[in-house]
Structure formats: C-alpha cells, structure tokens
Amino acid sequence: MSERVLMKGNEAIAEAAIQAGCRFFFGYPITPQNELPEYMSRRMPQVEGTFLQAESEVAAINMVYGAAGAGARVMTSSSSPGISLKQEGISYLAGAELPAVIVNIVRGGPGLGSIQPSQGAYFQAVKGGGHGDYRLLVLAPANLQEAVDLVTEAFDLADLYRNPVLILGDGLLGQMMEPVEFRKLPSRELPPKTWATTGMRHHPHKNIINSLVLDAPGLEKHILHLQEKYARMNLHEQRAKSLHCADAEVVIVAYGSTARIAKTAVMSLRQSGLKVGLFRPVTLWPFPVNTLSELVPKVKAFLTVEMNAGQMVEDVKLAVNGARPVHFYGRMGGMVPTPEEISSECVRVLGGVR
Amino acid sequence: MTFEVVMAGFGGQGVMLMGQILAYAGMVHGKQVSWMPSYGPEMRGGTANCTVIVADEAVGSPVVAHPYAVVALNRPSLDKFESAVRPGGVLIYNESLISTPPTRSDIKVVAVAANQIADELGNVKVANMVALGALLEVTDLVPMECIIAALKKALPAHRQDMLAVNLAAIERGKQAAVIP
Amino acid sequence: MAKVFARPESLVDMQSHYCPGCTHGIIHRLIAEVMDELKFADRAIGVAPVGCAVLGYMYFACDMHQAAHGRAPAVATGIKRVVPDGVVFTYQGDGDLASIGCAEIVHAAARGENITTIFVNNGIYGMTGGQMAPTTLPGDKTSTSPYGRDTHKQGFPIRVAEMLATLDGPAYIARVSVHSVPNIVRARRAIKKAFEYQIAGKGFTLVEVLSTCPTNWGLTPLEALDKVAKDMLPYYPLGEYKDIESGAGAKK
C-alpha cells in the first residue's frame, strides 16, 4: 500500500502496526478508540495474526506482557480510564524490559470524565503512571501521517531498547480522517530476541521473564541498569519540530493536536506581522530539552498551550530554567482551544514583552 | 486558500459520508484535506456533524468555530450553525425539512429541496448528495471528476450500481442551487 | 545398584524456600514428573504467580514468566497465542486465582484457552502472613478473620472447580489432594491428563490441588494433613468435574 488513502486516525494507527509486523493485538472497547480494535479484528485474520478482545484492560495488558515475553511484536490500545487500568502491566513490562507498543487515545478525566479530546494524561504518560523508577518512550503525533510513521518506528524503538513505547494521541487524532501513505522507513539493526520464552528447544539455557528482585542490592543494580538505558534514550531520541522560531519573540510550545491548532494561530499571527513561532515536542519523553533550551536566548517569552490544566508546562519551565517567562493557556474537559483563542493569548503575551 | 465546511443533520441523513466524499475528492484533486466528526454517546437518532477542510497548505486545526460554509440538512442543524458561518460565507439549507428560512444577510444563503429531489430520483437516501451538489455549484470546491473518483472509492463493491443515482442527485443539486 | 528414586530432570537442583511440611514441594514434583514423562520440558513455558509460589520460576527447568498478582492466565494466553505449539501452564494459589485473578481465570476458561492451570488451594494467604482467602473455610481463624470466618460478614468460600465446570470452554477440570499417598498418586494422574489434553489441543484444563499451610494454620505438618482430610474434603469434594472425553460434568 503506497498510494495515499483517506483514513480515520484510529484505523491508520492500526494499519501502521500491521505494516510494521505487529501480529498480536489484545484490547478492550472504550471510546474514542474503538475503531482501532475493530480494525484489528478485521485485519489480523487476513495476515494470520491474532486479535483477542480481552475481558478487561488489565487482562489485555497482561496478555501483551505474555506475548512480548514470548518475543512477538504486540500492541494494545485504549483511552484514559483504560490506560489507568493498564498501569500495572506497563510497570511490569518496563521492569522486565519487554518491547511493546501501547496506544492512548486520550479523553477527558479524571474519573470517567468525558469522551471528548484531552491531553490530561501527560503526567501519567511521562512521569510514570505505574509504580517504580521507569520511563516509557512517549511519542506524540500531530497529524495522521506522522502517527503512521511514528507507530511504524515505535516497534523498532521498542525492540531496540527493550522498552514499552507509548503513542499518545487524543480523541481528535483518533476520530479525524486525513490522507496517509504507508511507506517503508529505513529499518534499523535490531538485536535478536534471545531472551524470549519460546521453550528451551530454541535456546541453550532456561529463559525467565521477571520483574521481581527480592534482594535490595540486586534491585538497585537493576534500576541503575534501567537508568543507564533511559540516559541513552534521552541522548538519542529527543525529537521536536519548530516553525518560525528563528526570529520569534514569543514561542508557543504545544504537542499533538493542540500543536496543529496552534500552528493555525501562528500562521495567522505571522500574516499580521507578529513574530510568533511554534515549538512542537514529538517525543514527550525524552522531552526535547536540548532544542528547546537553544531557543531560550533568542526568545522573549514562551506560551505553553495544552488541553489540560497545565502539565507539560512544568517540563517547559524545567527546560527554560527561569531564564524567560513561561505562560500557560489550557482548555479542559474535552474543550478544544480554537486558533482565535490561542492567537489572542499570544497577543496578550506579546504585549507584555514589548 | 482554505475552505472549511460543516455538514450537519440527523443521524442517518448521511452527513458523515457526504463529508468523507468531499474530503476524498479534495485529496484526489491534490489538496490537503481533513475530516473530523462530532462524536458522542448516541449511536442513532441524534444530530451529527462533521467538519471538512480543503486547503492548499497542511491543515492546522481540523475543527473551526467559524467555517466558510455550512450545509444544514435539518432544522436543529440550521439553528446550531447559522450564526457560525463566516461573514461572506455560504449556507446551504434543506428546504424540504426546514420551513423557516435563515435570516442572515451577510452570507450567501442557498435553499435546496434535497429530500424532494431525492424522492423524485426514487431514493430519499441521496438527499445528502443533492445538498453536496448545491455546495459544489456555489463554491466550486473540487471538479466533478474528483467527486466521481471519490464516489467510486466510497461505494462498496456490491453498491457500485448506486453510482448513477448518486451522480444524478449531485447534478440535480447543482441545478437547484439558486442564490436568492 | 539400580536407582529407583531421583529428582525429576524438570525440577532444578536447588533448595526451595517453602516452609517445612508445606505441600507445594510435592505439587512441584508432580508437575516435573509429568514434564519428564511426557517429555515436553523443552517446549514448556510456565507462568509463576504472586503468592508463596512467586519464586516458582526458579524451580522448574523450563522457560518461565513471572506474572502480576492474579494475571497468570492472561499472561499465559499471550504466550500461548505466540507459541501455539508450546506447553503453557500457570501455577497459582487461592488468593491469586480465586480472589484478585477471578476475572482472568474465568475468561481463560470460558475461551477454552489451550493452557493448563495448577490451582493450589490451602484456604489462606501464605506469603503475606496468613490472611483470609476466598477459599478459607467458614469459622476458620486467620490474621484478618481473627474471630473465625463469619459468613454473614465475610461471605462464603468459592468452589473454583465446580464454578469453572459450569462453563463450556474447559476440557478438563478436577479437584485432587496431596494429603496422603493414594491421593498424591491420583493427583499425578489428573495433572498428567490435564497436560495430555493441552498437548492434544483439547482446550482449557485446570487441576485444583488441596494443599496445606502448617505455618499459618498453626499446626504441625501431620496435623495439617489431617485438617485437609477432616475439614477441607467435606467442603471441597474431590473428583473430576469436567472431562470432555468421558462426558463428566457435561450438560445434560
């Protein structure tokens, strides 16, 4: 499939996973990501793969845990309340160092919240979510082509680092349609999965998938090993995109679908002659500190825009480290900011720096 | 150039499909496009709407507060979206189901008897295509050959025989679209 | 001199952490003996639970996966779907399977997932220090039912074998005990049949094994074996509750 096709975000993500060699999907229905498991239930039998609707999100992520341990390319998807349920298994995957791709099509919270788009799961995604000192690679696409490309790459990244990768979308990206193209990305050299529990006929020694280390020095050593891995991820995987940042006085920092709305605002402000730019983190963890801090000396102020009460803004403040004011504008509960709102907030910030 | 269109109606009137066909045709035409549905807990009967954007540049926000055009297939949709149309924009409304015409004078208001024309064609389900025809006539968004390509894509293999009636509906919509 | 008794090859040569008099060791041995006899250790993948058998992944000489509390059937499902010609088993206690993991075991059974579960029921939480389990007998004292399990306030024990036997998915469900030599022989037979059924692709199999916890019951090992016979057997009758070959437990 190389022609451009018009697809829903949820379906495009599912097809990208299939194209990336994912042959196992375990999930549970929840709005607004239902088209993803539905698509998998149609597609997996066509490629001799497995789709299984689990009895709960908890069971689904633990099926992922088993399948990943046995060496398969495996995916699960859900939306905020379901992702909360999956945190147990995500922590185990991280502890046992297993590759898997998890998709969160975020909706409003807390609690049952709403089914409308939100970015209220930022903290959960990048600061842990489950228990223990672990990190996920967190990728935040802003359009469906990027979602397709990032999902394709996510499986490689998961295998490369032996780490779960989270695709953080939202109801907007899951539900909208855009043209996408499924293209072959340059493949990486990936380590063989000699650790997989496929039976001892396949390897000379017994393989154990485990996250339990009862002796304290042993667990500390394991956690230090994980931190070393996260440091490598932090060194190599920070990604961001910039638009009109070179001469910008105010830079908007936004990710995912908020960033594409902010882009509309930036384009219209530029037409009015205002020097505004957009900085869009593509990886939320590792947070693109390096490229963001390069902007600090050139910029007078930052404006973080999110569909939450202010979560990523904390990481922006850490990166800016007090050198410039960092403002925040957020909508919550499924309310999506309009380009006009972002523009007027930007003008307000600009007024302050002049 | 960026055209934003909101299409709205009852669930079952085919507004989602109408939007998808426009988006697909835009893509075939070489434009940047997006389609964004409203989504809620109701599966049937409620109001449904979608936003289609056809642009030269990559689409920013897939939802807009003030679209260039609105296609309203029923009264609640007109009530909800009449005020949203950008000044100078276009409002297509389904005369068959809306007895009280819109009041805005700063936009192009176009009446089309979508259900009546669809009935005359023998298939009330193509009322959405009549309205789409009216939109295409007034806005010149995409050429007809792209709409034909999109329809062929959108109709499943066992429904390709519906192509002719859909095209006829679009043509009748074009003819009926009279700017008052 | 001919060797008549030896450690099964499928059991790793190491000292276990189980308490003196605990019957986990016997049950481990029975599984390992069956692995040796049916020669599937090289394609076995075991799933260890949370509970006393949490370190079970160390003891079996085959690939092992340590699961979260109660989730072993889900983990085993994931493994089995990836390695369909593997022999996948879970080893779970009563807290793990009948309390926190109730949903996972019921649905693995309902799907007829082609795995084998060894369910060790001693009616108490061992590893955490003797708290009440879903299978604790009415009136039994534990550290969270210090006045004895009061069924008005704490509900009734769950008979897992009977409950799962009502489902259409399972191929074989049995309850056995290891409190005496004849029962150990019968337990081995049931475990062997369960694995044979899995290898033949017949579907979900579960063997519930009545077991002891001398430490948390506050009894000597021998007294503990007597308690199984005297108190547990009347509440948890032994037998084959479902066997798709013989028709036991099949719908009338």
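Heads up: the structure comes first, above all this text.
Residues numbered from 1 in each chain as written. Chains lettered and ligands numbered in written order. Predicted model: local features only at pLDDT ≥ 70, side-chain atom pairs only at ≥ 80, totals over all residues. Heavy atoms only, no water.

Draft legend 1. Just the sheet that holds strand β5 (residues 100-106) of chain A, in detail. Residues and elements named next belong to chain A. Taking strand neighbours across the sheet as the criterion, the seven strands line up as β3-β2-β4-β5-β7-β6-β13 in an open arrangement whose pairing is mixed. Edge positions in the sheet fall to β3 (50-53) and β13 (283-285), since each of these pairs with one other strand and no more. When strand polarity is set aside, the average angle formed by the axes of neighbouring strands in this sheet is 20°. Of the pairings in the sheet, the one linking strand β6 (residues 137-139) to β13 comprises two bridges and is antiparallel in character. (Pairing = 2+ DSSP bridges. Helix = DSSP H or I, 4+ residues; strand = E, 2+ residues; numbered from the N terminus. Axes fitted to C-alpha atoms, helices over the stretch in contact; angles between N-to-C directions.)

Draft legend 2. Examining the interface of chain A and chain C more closely. Counting residues at the interface gives 34 residues for chain A, matched by 35 residues for chain C. Between chain A and chain C, roughly 2600 Å² of surface is buried when both sides are summed, and carbon and sulfur atoms account for 60% of that area. Considering only the side of chain A, the residues that lose the most area to chain C are E55, R201 and K206 of chain A, jointly responsible for 24% of the buried surface there. In this assembly, chain A and chain C are joined by three salt bridges. With a closest N to O distance of 3.0 Å, R201 of chain A and D85 of chain C form a salt bridge. (Contact = heavy atoms within 4.5 Å. Buried area = accessible area lost by both parts, 1.4 Å probe. Salt bridge = Lys/Arg side-chain N within 4 Å of Asp/Glu carboxyl O.)

Draft legend 3. Seen up close, the environment of K202 of chain C. Residues and elements named next belong to chain C. Within the secondary structure, K202 sits in the loop between α8 (181-199) and β8 (204-210). What makes K202 partly exposed here is its relative accessible area of 32%. For the pair K202 and P84, spaced 118 residues apart in the sequence, the C-alpha separation amounts to 13 Å. Discounting chain neighbours no more than four positions away, the residues touching K202 are N114, A171, Y197, I244 and E245. A polar contact of 3.3 Å, which involves the side chain of K202, links it to the side chain of E245. (Buried < 20%, exposed > 50% of the residue type's maximum accessible area, 1.4 Å probe, protein only. Polar contact = N/O pair within 3.5 Å; in protein donor to acceptor, adjacent residues only side chain to side chain.)

Draft legend 4. Seen up close, the nonpolar core. Of all hydrophobic cores here, the largest spans 205 residues; its most connected members are M75, I252 and F302 of chain A together with M7, L22, L132 and L135 of chain B. No other element matches helix α6 (residues 144-161) of chain A, which puts ten residues into this core. When we break this core down by domain, the ones giving at least three residues each are domain 1 (5-193 + 210-237) and domain 2 (240-353) of chain A. The contact partners of M7 of chain B, leaving out residues within four places of it in the chain, are V15, M18, G19, L22, A48, N49, C50, V71, L132 and L135 of chain B. Membership of the second largest hydrophobic core comes to 39 residues, among which are C22, I31, I118 and Y172 of chain C. (Core = buried A, V, L, I, M, F, W, Y, C linked by side-chain atoms within 4.5 Å. Domains from an automatic or database assignment.)

Draft legend 5. Molecular detail of the packing of helix α1 (residues 24-38) of chain C against α8 of chain C. All names here are of chain C. In the contact formed by α1 and α8, the axes pass within 9 Å of each other and the chain directions differ by 50°. Regarding the angle of α1 to α8, the classification is oblique. Between α1 and α8 lies a crossing of right-handed hand. Counted together, I26, L30, I31, E33, V34, E37 and L38 of α1 and I184, A187, R188, I191, K192, F195, E196 and I199 of α8 form the full contact between these two elements. A breakdown of the residues in the contact of α1 with α8 according to their chemical character gives ten nonpolar, no polar and five charged. (Parallel < 35°, antiparallel > 145°, perpendicular 65-115°, else oblique. Left-handed = near helix turned anticlockwise from the far one by under 90°. Nonpolar A, V, L, I, M, F, W, Y, C, P; charged D, E, K, R; others polar.)

Draft legend 6. Region of interest: the pairing of strand β4 (residues 69-72) of chain B. Residues and elements named next belong to chain B. Judged by which residues are buried, β4 turns out to be covered on both faces: A69 and V71 on one side and V70 and A72 on the other are all buried. The pairing of strand β1 (residues 2-10) with β4 spans four bridges and is parallel. Among the inter-strand pairings, M7 is bridged to a residue of β4, identified as V71. Relative to strand β5 (residues 90-94), β4 runs parallel, the two being bridged by four bridges. If you follow A69 over to β5, its bridge partner there is V90. Taken together, β4, helix α2 (residues 75-81) and β5 form a β-α-β motif whose crossover is right-handed. (Right-handed = clockwise from strand over helix to strand, strands pointing away.)

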